[in-house]
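Reading the structure
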Amino acid sequence: GDRDFMSKTAKFREALARAKSIIALTGAGTSAESGVPTFRGAGGLWRTHQATELATNAAFTRDPVLVWQFYHYRRELVFSKNPNPAHHALADFEEKCKHSGKQFHLITQNVDGLHQRAGSQNVLELHGSLYKVRCTVCHKVTENQDSPICEGLAGQTTTLEELPHCECGGLLRPHIVWFGESLEDDVLKKVGQALDRCDCCMVIGTSSVVYPAAMFAPELARRGVPVAEFNLESTPETGSFQFVFEGPAGKTLPAILE
Ligand code: BJW
Ligand code: ZN
């Protein structure tokens, strides 16, 4: 009831107040209230394809047109959406931390850029970005916010030649970490440093099933760090955490961080 929520809220706020180095780890549920579908929820289908089956290098090699159509669709979808109160609460919280001399790291599995659009400054993107591309030949990474990314993808049918290409002539791919691919060394190094220092953590809108991100918060909890999970439902890791705030992150997170 209300009283339980109050004492839990007060206790977690105390943990935040004591902390010197806080991590927020976010997943697709954080953007759900913006209208961006999650992966493992009801919105995880695009046409007849499971999103997680298109997010592999094997799928891209087999059918680069199909995979690019999927990413084109998602780029355009997210352009039409806006950050929600959960994104704003995290951006405001970062600002507060800055003024009170606390470290704050926002580690996101999301590729939609909505945290940055809400004003978050220090965002570690674990799984890449919808708005970056990488050349499959020279491996150069570039930011790309074009809408559409190319005329070919805006039309009904597309050929390989019409897909986005690098100035070197190579085929571009989304700069996204697909299944079986390693996360960027540089990002992992920064995450490792943040985890080492962390003394309070929030896990928001993630199913906690995709590694290595799924093990970050449980490892902190094992070290005795207070961790709060914000989710609509329970996850395989709910039992590892000291605090659980069930409900839509756009409601629960602003209420805690206000
Ligand atoms: C709300 C809400 C609201 C909804 N409010 N909450 C160890 C053990 C087992 C397997 C592995 C392992 N190590 C590596 C693996 C393999 C694999 C893996 O983890 N597989 C598992 C699925 C079993 N991992 C990898 O391949 C990673 N690479 C790697 O480890 O490299 C080294 C290596 C190489 C080769 C072999 C072995 C190791 C890379 C993982 C990359 C993940 N990429 C994706 C796709 C990005 C593409 C794209 O966006 O197009 O990233 S997968 C997809 O899942 C996406 C997400 O970032 C990620 C996490 O999903 P997330 O964010 O948790 O979303 P959902 O939908 O699952 O959950 C939403 C949650 O929100 C739900 O809980 C809802 O209840 C909740 N919610 N509305 C609050 N309003
Ligand atoms: Zn190139």
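Refer to the preceding data block for the structure.
Analysis parameters
Residue numbers restart at each chain and count upward from 1, following the sequence in its written direction. Here chains are named by letter from A upward and ligands by number from 1 upward, in the order in which they appear as written. In view of the model being predicted, local features appear only for residues whose pLDDT reaches at least 70, and side-chain atom pairs are presented and counted only at 80 or more, with totals across whole chains, interfaces and linings using the full set of residues. Calculated side-chain values reflect all of the structure's heavy atoms, with hydrogen atoms and water omitted. Proximity is defined per residue: if any heavy atom of the residue lies within 4 Å of a molecule or strand, that residue is considered near it. Residues adjacent in sequence count toward polar contacts only when both atoms are side-chain atoms; beyond that, a polar contact is any pair of N or O atoms within 3.5 Å, and within protein one must be able to donate a hydrogen and the other to accept it. All accessible areas in this document rest on Shrake-Rupley with a 1.4 Å probe, and a residue is counted as covered only by the protein chains that are shown. Secondary structure follows DSSP: runs of H or I at least 4 residues long count as helices, runs of E at least 2 residues long count as strands, and numbering of each begins at the N terminus. The nonpolar class holds Ala, Val, Leu, Ile, Met, Phe, Trp, Tyr, Cys and Pro. Asp, Glu, Lys and Arg form the charged class, and all remaining residues, Gly among them, are polar. Strands are treated as partners if at least two bridges between them are detected by DSSP. What counts as an axis is a line fitted to C-alpha atoms, over the stretch in contact for a helix, and the angles between N-to-C directions run from 0 to 180 degrees. The contact rule is simple, with two residues in contact once any of their heavy atoms fall within 4.5 Å. Nonpolar cores were defined as sets of buried Ala, Val, Leu, Ile, Met, Phe, Trp, Tyr and Cys residues, with membership established by side-chain atoms within 4.5 Å. Only protein chains enter the calculation, and the probe is 1.4 Å; a residue is then buried if its accessible area is under 20% of its type maximum, exposed if over 50%, and partly exposed in between.

**Quick notes on the site of ligand 1**
Neighbouring ligand 1 are 34 residues, the closest being Tyr71, Arg74, Gly180, Ser207 and Asn231. Within the side chain of glutamate 33, a nitrogen or oxygen atom sits 2.7 Å from a nitrogen atom of ligand 1. Here glutamine 109 contributes a backbone N or O atom positioned 2.9 Å from an oxygen atom of ligand 1. Burial of ligand 1 by the surrounding chains reaches 76%, relative to a free accessible area of 1,500 Å². Breaking the shell around ligand 1 down by element, the ones donating at least two residues are helix H2 (29-32) and helix H5 (64-79). Among the residues making up the shell around ligand 1, the classes are represented as 17 nonpolar, twelve polar and five charged.

**Section: the sheet that holds strand S7 (residues 141-143)**
Spatial ordering of the open sheet is given by S7-S6-S8, a layout of three strands whose pairing is antiparallel. At either margin of the open sheet sits one strand with a lone partner, and together these are S7 and strand S8 (172-176). Across this sheet, the average inter-strand angle for adjacent strands is 45°, counted without regard to direction. Relative to S7, strand S6 (residues 128-135) runs antiparallel, the two sharing three bridges. Bridged to arginine 134 within S7 is valine 141. Here H5 sits on the sheet and contacts S6 and S8; the angle it forms with S6, its principal contact strand, is near 140°.

**Focus on the nonpolar core**
Counting residues in each nonpolar core, the largest one holds 29 residues, and the members touching the most others are Trp68, Tyr71, Leu130 and Trp178. The greatest single-element share of this core, amounting to seven residues, is contributed by H5. Sequence-distant contacts of tryptophan 68, that is, excluding residues within four places in its chain, are made with Phe60, Val133, Ile149, Leu153, Leu163, Pro164, Leu172, Arg173 and Pro174. Among the nonpolar cores identified, the runner-up in size contains 25 residues, and Phe12, Ala89, Phe104 and Val123 belong to it.

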